[in-house]
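Examining the three-dimensional arrangement
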Amino acid sequence: VLFRSLHCTSSMSHTTHNEILFEGWLQKRGHLVKSWRTRWFVVKGNTFTYFKDSADAAISAKFKGAQILKGVRFSKGELIVQTMSKKTFNLRHHMACDKPWEEVSHAFEKAVGITTQSVRRTSSERADSDNPADQAATHIEMGLDFVRASLIPQAIYNFNEAVRLDPASADAFQHLG
């Protein structure tokens, strides 16, 4: 099964960066410890953010993770999600989720469509680069996507990550005002 990615076409032009496509409980497999953790997910625009619970989601600064979607596929009952920061997430439906699994996967696919439509200054070569300046530029682009989705704590995290990777990138923020 192929990933739906930045290189595919989409007919979802009416969807915006501020539209919440999904909120609810999913299970996420850990990156280091491969156990399944239940998290509250919010898919908004072309981003997804996950929290310990729905109460933390009400305080958006308490996020556990935030990503820009790049690709998604369904395999063996799991949603395999690729992100702009080159991470892969394995997600499963949770019994407490009030949305059918098909609706959840469609929300992630729709979010990938928004990423596809976004006019990005980031070339695919820069997104895959190991050069800290290129990685910083990618984090700036991700931060701007989070700003468009009104996810300010997540944007700040990405801007700080850009400065950590390439201190010279701090100059770009002075031009923003």
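Scroll up to find the structure this text is about.
Not measured: the values here are computed from a predicted model.

1. A look at the environment of Ile 80
- Note on placement: Ile 80 falls in strand S5 (residues 78-83).
- As for Ile 80 and Arg 92, which are separated by 12 residues in sequence, their C-alpha atoms are 9.1 Å apart.

2. Digging into the pairing of strand S6 (residues 88-93)
- Looking at chain direction, strand S1 (residues 20-29) and S6 are connected through three bridges and run antiparallel. Opposite Gln 27, over in S6, you have Arg 92 as the bridge partner.
- As paired elements, S5 and S6 share four bridges and run antiparallel to each other. Each residue of the ladder has a partner; that of Ile 80, found in S6, is Asn 90.

3. Section: helix H5 (residues 152-165)
- Between its first and last C-alpha atoms H5 spans 20 Å; for 14 residues at 1.5 Å apiece the expected length is 20 Å, and the two agree.
- Of all the positions in H5, only Gln 154, Ala 155, Asn 158, Phe 159, Glu 161, Ala 162 and Leu 165 are classed as buried. Across the axial projection of H5, the buried residues extend over an arc of 155°, all falling on one side.

Reading the values: the criteria
Residues numbered from 1 in each chain as written. Predicted model: local features only at pLDDT ≥ 70, side-chain atom pairs only at ≥ 80, totals over all residues. Heavy atoms only, no water. Helix = DSSP H or I, 4+ residues; strand = E, 2+ residues; numbered from the N terminus. Pairing = 2+ DSSP bridges. Expected span 1.5 Å × (residues − 1). Buried < 20%, exposed > 50% of the residue type's maximum accessible area, 1.4 Å probe, protein only. Arc of directions from axis to C-beta.

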